[in-house]
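Residues per chain, in single letters:
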Amino acid sequence: MGSVFEVLAEPRRRQILDLVVETERSVGELVDLLGMSQPSVSKHLRVLREAGLVSARVAEQRRLYRLRPEPLRELDAWLAPYRQAWDDNLDRLERHLDEMAGQPTDEKEGRR
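Now for a quick tour of the structure. Note that the structure is predicted; figures quoted are calculated from it, not measured.

Cut-offs and rules
- Residues numbered from 1 in each chain as written.
- Predicted model: local features only at pLDDT ≥ 70, side-chain atom pairs only at ≥ 80, totals over all residues.
- Heavy atoms only, no water.
- Pairing = 2+ DSSP bridges.
- Helix = DSSP H or I, 4+ residues; strand = E, 2+ residues; numbered from the N terminus.
- Expected span 1.5 Å × (residues − 1).
- Buried < 20%, exposed > 50% of the residue type's maximum accessible area, 1.4 Å probe, protein only.
- Arc of directions from axis to C-beta.
- Core = buried A, V, L, I, M, F, W, Y, C linked by side-chain atoms within 4.5 Å.
- Contact = heavy atoms within 4.5 Å.

### A short note on the pairing of strand S2 (residues 54-59)
Step number 1: Relative to strand S3 (residues 62-67), S2 runs antiparallel, the two being bridged by six bridges. Within S3, the residue paired with Ala 59 across the bridge is Arg 62.

### Concerning helix H4 (residues 38-50)
Step number 1: Taking 1.5 Å of rise per residue, 13 residues should cover 18 Å, and H4 covers 18 Å from first to last C-alpha, within 8% of that figure.
Step number 2: Along H4, the residues that are buried comprise Val 41, His 44, Leu 45, Val 47 and Leu 48. The arc enclosing the buried residues of H4, seen along the axis, measures out at 160°, which places them on a common side. For H4, the exposed residues lying more than 90 degrees away from the buried face are Pro 39 and Glu 50.

### Digging into the nonpolar core
Step number 1: Ranked by size, the top nonpolar core spans 21 residues in total, and within it Leu 17, Val 20, Leu 30, Val 41, Leu 45, Leu 48 and Leu 53 carry the most contacts.
Step number 2: Among the elements of the structure, helix H1 (2-8), helix H2 (11-20), helix H3 (27-34), H4 and S3 are those that each provide at least two residues to this core.
Step number 3: Filtering out sequence-adjacent residues up to four positions away, Val 20 remains in contact with Arg 25, Leu 30, Val 54, Tyr 65, Arg 66 and Leu 67.

### Remarks on the side chain of Arg 13
Step number 1: Its location among the elements puts Arg 13 in helix H2.
Step number 2: Arg 13 has contacts with Glu 6, Val 7, His 44, Val 47 and Leu 48, leaving out every residue within four places of it along the chain.

### Section: the sheet that holds strand S1 (residues 25-26)
Step number 1: With respect to topology, three strands assemble into an open sheet ordered S1-S3-S2, the strand pairing being antiparallel. For this open sheet the edge positions go to S1 and S2, each flanked by a neighbour on one side alone.
Step number 2: Strand direction decides the pairing type here: S1 and S3, joined by two bridges, are antiparallel. Across the sheet, residue Arg 25 finds its bridge partner in S3, namely Tyr 65.

### Focus on the environment of Leu 48
Step number 1: With respect to the secondary-structure elements, Leu 48 resides in helix H4.
Step number 2: For the pair Leu 48 and Val 7, spaced 41 residues apart in sequence, the C-alpha separation works out to 6.8 Å.
Step number 3: For Leu 48, the contacting residues outside a window of four places in its chain are Val 7, Arg 13, Ile 16, Leu 17, Leu 53 and Val 54.

Structure representation (structure tokens):
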């Protein structure tokens, strides 16, 4: 899991993923959209490809890159307990604020 975190720590790589999440993009498109040099974009794409976050296919004389969601699913599964802890804390805060305002809470249904 460390390598995915390291790869995603770079803001430009996250931008590239944002651009390939819905549609395939060529290196040239990414260069134009990001305002970066072609060698820089290619370097980031290589890192993303090696981490399994993107795949490439050849279409005529271009390579088209697209998101591979599998590593992100693993990351999401790893984050699930932390997300649950965050949600639990927010629920406790909401109950506390309701009590401070004098509004009773219905703990069985989770509603006010």
